[in-house]
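Examination of the molecular architecture
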Amino acid sequence: MRSLKFLLQKEFRQIFRNPAILRMIFIMPVIQLIVLPLVANYEIRNVNIHVIDHDHSMYSRELIRKVTAGGVFQLQGYSANYKQALLDVEHDKSDLILEIPQGFEKQLVRESEAPLFIAVNAINGARANLGAAYLNTILRDYNQEIRTQWIQFPKFDEIPRVEVISNYWYNTHQSYTLFMVPGIMVVLLTMVGSFLTALNIVKEKEVGTIEQINVTPIRKHHFILGKLIPFWVLGLFVLTLGLLVGRVIYGIVPMGNIGLIYLFAAIYLPAILGLGLLVSNISQTQQQAMLLSFFLMMIFILMGGLYTSIDSMPQWAQVVTWFNPVTYFIEVMRMVVLKGSSFNDIKGHLGVIALFAVVLNTWAVVSYRKRS
Amino acid sequence: MKSISVNNLSKSFINGKETVEAVKPLSFEIDKAELFGFIGPDGAGKTTLLRMLTTLIIADTGTATVDGLDVVNDYKEIRKRVGYMPGKFSLYQDLSVQENLEFFATIFQTTVKENYHLIKDIYDQLAPFSDRPAGKLSGGMKQKLALCCALIHKPTVLFLDEPTTGVDAVSRKEFWEMLKRLKEQGITILVSTPYMDEASLCDRVALMQDGKFLRIDPPSQIIKNYSKKLLAVKGKEMFPLLQHLKQIDGIEMAYPFGEYHHVVLQNDATSIDQLKSKLQSTQELEIKPATPDIEDCFIYAMQNN
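Residues numbered from 1 in each chain as written. Chains lettered and ligands numbered in written order. Predicted model: local features only at pLDDT ≥ 70, side-chain atom pairs only at ≥ 80, totals over all residues. Heavy atoms only, no water.

Remarks on the overall build of chain A
Going by this rule: Secondary structure counts use DSSP, requiring at least four H or I residues in a row for a helix and at least two E residues in a row for a strand, with both numbered from the N terminus. To get the radius of gyration, use the C-alpha atoms; to get the globule rule, take the number of residues to the power 0.38 and multiply by 2.2 Å. Burial status follows relative accessibility: with a 1.4 Å probe on protein chains alone, a residue under 20% of its type maximum counts as buried, one over 50% as exposed, and anything between as partly exposed. Contacts were defined at the residue level, with two residues in contact if any of their heavy atoms lie within 4.5 Å. Computed by Shrake-Rupley with a 1.4 Å probe, the accessible areas treat only the displayed protein chains as cover when residues are assessed. For this count, His and the chain ends are skipped, Lys and Arg are scored as positive, and Asp and Glu as negative. Each charge is placed at NZ for Lys, CZ for Arg, CG for Asp and CD for Glu.
What chain A contains, in helices and strands, is 14 helices and 4 strands. Since a compact globule built from 372 residues should have a radius of gyration of about 21 Å, the 29 Å found for chain A marks it as more spread out than a globular shape. With the principal axes as the frame, chain A shows a C-alpha extent of 95 × 50 × 40 Å. The buried share of chain A, reckoned over its 372 residues, is 47%. If you take every contact in chain A between residues at least 6 apart in sequence, the share linking residues at least 24 apart comes to 78%. Of the roughly 19900 Å² of accessible surface on chain A, a fraction of 62% belongs to carbon and sulfur atoms. Here chain A contributes 31 positive and 24 negative side-chain charges, whose respective centroids are spaced 21 Å apart.

Listed below in structure tokens is the structure:
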């Protein structure tokens, strides 16, 4: 026990004397939480539209006004022929072309129906899809408006109509930051837990101090605990900092019990620390440890449901995400922060993460050798 | 009981496709309170041998005991009893002198106070820097601190891997004086070094090359056993002279040695005058008999290995 106490004292001394670690712990979470949610945003704004109006009628002018008034579309060009408009798209100035044919108004009035032409630049798939969808919504509204102007409503609607009204639960305004911030906190915690532990141990290998430690009668589990506990504490500290930033800057107050988040983090961290330990066992230099951690982090983040929904991944990828600890914490974080889930809702996740912690640490301890 | 006894110990490493025999099967014994030196060039296998004895790596063949304990089976007990100072400075550079010492005392379940008498001489010199981070000490000071840390648990056997490499001449001398005092306290000391001049300070030395011992004897014995006739030659143009000496019949070896070249004659009967006439040198030459020291013995042994 006494040697463990001294090991801990030594580790904390070294951490507080290392300005790089302190900076990483204090500044990285704040910057990432402030910057990332603002840029990692799927809302589409500033879609450039090019309009070709062959009709020049009142209805066509009204249509153009409606399209550009919403704020989503910027009228980038207005020309008389398709060729010119396509040139604009080729030069990447416009994303969409809306062509209004000649006789649009006449046809609309006479036949109650008129064609329109939309061409979309589909290089950026998401932008193209959403842009076209927005434009379609606007056109439908426009259509509806005209019909109401024309049709005298009978007292009772003769044709039954279904009107859909959506109600967004848990994230009423579909705020992207509310969705992203809890996820980013998990990524931060994971980075602090795995990177710092791995680098710390590999540094001892690189400097040669591990050699000096290995010839001492120090117990293997004391040495490993001495490495894990400080970073467990640091991890919880970073989480606290993250929750504070979320609260102060984004006004995010967890709907559920904040204690649940800490409970989950307290079990999640040993799993991640065990992973860091494994990485350090495999690596001989800090550079190797860094590259390996980076590789794992990329997979964890991209396959953890932070940016993209796991449900829309292919089946094999969904199976892979079961083995990604980050997935579980991101889910729990969103459940507790947004939905206000209770202990019963997350106990399954908790069990899986506890299993991760046991397996990863056992593996790490077994593969750590005091001699070769 | 011998302090260390080694029986057919060997170790190879696989480097790509080829296997390097770092230590070929070796057997030797070391007495209690003996100051034993492994002398040899870089790559002779000194560090590997020390790492096997300190239980850091496991030998391929053979057995070894330290303090009567087997290096494989009783490694835990050995680790409590031995002090090891690796060749590379391996204390915590970001901890202060004081903190390093206390840390190592604690993990050996002891205190600095308890064994202070052992390190007092050395630590007195470090005391003015006790708050300085270990990484910011000079080379000699670092080695002294490392020695303190290796001694703080009162080991019975001390393993020092090239403790004086990269240390200035004065510090080296001091360091060896400390080792002598430790020896007087009954500690067995194994030290490896690439410096020949340090060999004469040991009780016994093992001349090591390519994983083998060329000789194990007290330094005086090794010098006594040198049977060849040795001459020292000096001229104005030293380099052409050496080239010339190497080509002459009757000269077994010629190598630079301080301000002279040492020449080993094939035939002891060859006189200085005979050599002079053979050389037919245009430059003024000074030739005189030389007394061999440990370096001459080692160079000769290496050549005839």
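Moving on from the coordinates now.
Concerning the domain arrangement of chain B
Residues and elements named next belong to chain B. To be explicit about the condition: In this entry, domain limits derive from an automatic or database-based domain assignment. The term buried area refers to how much accessible surface (probe radius 1.4 Å) is lost by two components on association, counted for both of them together. Salt bridge, as used here, is a side-chain nitrogen of Lys or Arg placed within 4 Å of a carboxyl oxygen of Asp or Glu. Polar contacts, as counted here, are pairs of nitrogen or oxygen atoms within 3.5 Å of one another; within protein the pair requires one atom able to donate a hydrogen and one able to accept it, and residues that are adjacent in sequence qualify only if both atoms are side-chain atoms. Residues are grouped as follows: Ala, Val, Leu, Ile, Met, Phe, Trp, Tyr, Cys and Pro are nonpolar; Asp, Glu, Lys and Arg are charged; every other residue, Gly included, is polar.
Annotation of chain B at the domain level lists domain 1 (4-223) and domain 2 (230-303). Taking only C-alpha atoms into account, the centre of domain 1 sits 37 Å from that of domain 2. With 14 residues of domain 1 at the interface, the matching set in domain 2 holds 8 residues. For the domain 1 and domain 2 pair, buried surface summed over both sides reaches about 950 Å², with 83% attributable to carbon and sulfur atoms. When the area that domain 1 buries against domain 2 is broken down by residue, the three leading residues are Met196, Leu207 and Ile223, summing to 51%. Our enumeration of links across domain 1 and domain 2 arrives at 0 salt bridges. Here domain 1 and domain 2 share 0 residue pairs in polar contact (both at pLDDT 80 or more) between them. Elements supplying a minimum of two residues to the side of domain 1 that touches domain 2: strand S9 (204-209), strand S10 (212-217) and helix H7 (219-224). Examining the composition of the side of domain 1 that touches domain 2, we find that 4 residues originate from one element, S9, more than from any other. For the side of domain 1 that touches domain 2, the per-class residue count stands at 11 nonpolar, 2 polar and 1 charged.

Let's talk about the sheet that holds strand S14 (residues 286-289) of chain B
Residue and element names in this part refer to chain B. Rule in force here: If DSSP finds at least two bridges between two strands, the strands pair. Axis lines are fitted through C-alpha atoms, for helices just across the contact stretch, and the angle between N-to-C directions can take any value from 0 to 180 degrees.
Strand order across the open sheet formed by 4 strands is S12-S13-S11-S14, with antiparallel pairing between neighbours. Edge strands, defined here as strands with exactly one partner in the open sheet, are strand S12 (251-257) and S14. Direction aside, the axes of adjacent strands within the sheet are offset by 25° on average. Sheet strands in contact with helix H9 (residues 272-279) are strand S11 (230-234), S12, strand S13 (260-265) and S14, and its direction is about 150° off that of S14.

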